[in-house]
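The chain contents come next:
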Amino acid sequence: MQKKIFPFSAKKVSYYFDADFSLLSKLVDKHQAVLITDENVFAAHTKKFNGWKTIRISAGENTKKQATVDEIISQLIVLQADRKSVIIGVGGGVVTDIAGFVASIYMRGVKFGFVPTSVLAMVDASIGGKNGIDVGVYKNMVGTIRQPEFLVYDVSFLKTLPEGEWINGFAEIIKHASIKDEKLFAELEKNKLAHYQKNAEAMSKLIRTNAAIKSEIVRKDEFEQGERKLLNFGHTVGHAIENVYGLSHGKAISIGMVAACILSEQFTNFKQTARVIGLLTKYGLPTLAEFNAKKAFEVLKMDKKKNQHSLNYVLLNRIGEGVVKAIPMDQLEKLIHSIVRAR
Ligand SMILES: NC(=O)c1ccc[n+]([C@@H]2O[C@H](COP(=O)([O-])OP(=O)(O)OC[C@H]3O[C@@H](n4cnc5c(N)ncnc54)[C@H](O)[C@@H]3O)[C@@H](O)[C@H]2O)c1
């Protein structure tokens, strides 16, 4: 096991890499802990939850809504959770987002930690303190920024992760490589998904690298004034099409990353779109979609990153170097329509 501490403004967060789930009982008092997980993770790892107070929610993005928050809060009251309780989200990004959000508002905020169980949650969703829920088709419309106490990484959870969810997680890994780490991009080009699925050591190393990339970006800009915006690479179009079309997060942002590369060609003279498309394809991700540009643009206009008449868009100067540029809305609308027409 490797312990690493990332200092954020309000809290030092302990990351336990290459750990075992059983570590949890050393980090928290079982009587004060309430675990939140989803039905799939619970079914695949039932034994691990023995002896822990556990709240189970349905699986999937549809669960990430206010009604589930209300349900969890009712159960916390029944379990007599109080200000000293520690909430632990054990699951994918849906569980960690919702558990972190509930912990931030229950009794005006209780401590929380995460055991991420999907690739996406390990490299992305559980890191950085953003916790929230969707409102209708609008992703992460309501939420808080508050850091967990700890993250426990037990890669053995990944043995039961469905193939499609592995692919989803690799979309965020490719995102990190694209905006920050050309060396990682080249490593991913050399390997393929099966290499990481079969080789726990390689996967652990990949998770540590990606957790560090995200944590460093967040640490420099916890409240999203600048650098953190880079993490939205692929997310502007991605979010606009994700809920409207019921696409998985990874597939949606993969298409979004390609759209951002094409925009980059116009705004930053980016010339490596083919390489990005090549890598996404290698890891089983889609790079184009038939989507209704008008409908997507309506959702996009509501995007939280919108700043009056322009939208802060994450582009690439080159692979490994992301940049945020304000693009006027009218120009963006035209570009999105032209991308759709060109496909
Ligand atoms: N807070 C953030 O900074 C942040 C960043 C990125 C993504 N997110 C959010 O994360 C969510 C997506 O996360 P996700 O892809 O992990 O989705 P998810 O939580 O829905 O998990 C995907 C599926 O895999 C299942 N699963 C998870 N771990 C498993 C395991 N070990 N074995 C078997 N099945 C398992 C889940 O039950 C679910 O069906 C989105 O809501 C997104 O908005 C948040």
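Since this is a predicted model, take the numbers as computed values, not measurements. (Residues numbered from 1 in each chain as written. Predicted model: local features only at pLDDT ≥ 70, side-chain atom pairs only at ≥ 80, totals over all residues. Heavy atoms only, no water.)

Undergrad: Can you help me understand the pairing of strand 5 (residues 86–91) in this one?
TA: In regular strands, side chains alternate between the two faces of the sheet. In terms of residue burial, strand 5 counts as a mostly covered element, since 6 of its 6 residues are buried. Side chains Val86, Ile88 and Val90 of strand 5 all project onto a buried face; the interleaved residues Ile87, Gly89 and Gly91 project onto the opposite face, where all are buried too. Direction of pairing for strand 3 (residues 33–38) relative to strand 5: parallel, over a ladder of 5 bridges. Note on strand 5: the bridge partner recorded for Val34 is Ile87. Sheet analysis places strand 5 next to strand 6 (residues 111–116), joined by 6 bridges and oriented parallel. Within strand 6, the position partnered with Ile88 by the bridge is Gly113. (Buried < 20%, exposed > 50% of the residue type's maximum accessible area, 1.4 Å probe, protein only. Helix = DSSP H or I, 4+ residues; strand = E, 2+ residues; numbered from the N terminus. Pairing = 2+ DSSP bridges.)

Undergrad: What am I meant to see in the environment of His249 here?
TA: Residue position: His249 is located in helix 11 (residues 249–267). C-alpha separation for the pair His249 and Glu61, spaced 188 residues apart in sequence, amounts to 9.2 Å. What His249 contacts, discounting residues up to four positions off in sequence, is Leu120, Lys139, Asn168, Glu172, His235, His239 and Glu242. In this structure the side chain of His249 is engaged in a polar contact, spanning 2.8 Å, whose partner is the side chain of Glu172. (Contact = heavy atoms within 4.5 Å. Polar contact = N/O pair within 3.5 Å; in protein donor to acceptor, adjacent residues only side chain to side chain.)

Undergrad: Would you take a moment to explain helix 7 (residues 182–190) for this structure?
TA: Residues spaced three or four apart along an α-helix point in a common direction, a consequence of the helix completing one turn every 3.6 residues. When helix 7 is considered as a whole, its buried residues turn out to be Leu184, Phe185 and Leu188. An end-on view of helix 7 places all buried positions within 105 degrees of arc, on one side of the element. Seen from the open side of helix 7, the exposed residues pointing more than 90 degrees away from its buried face are Lys183 and Lys190. Summarising the contacts, the buried residues of helix 7 are in contact with helix 6 (163–180), helix 8 (193–198), helix 9 (200–220) and helix 12 (273–282). N-capping of helix 7 is provided by Asp181, with a side-chain oxygen placed 3.2 Å from the backbone N of Lys183. (Arc of directions from axis to C-beta.)

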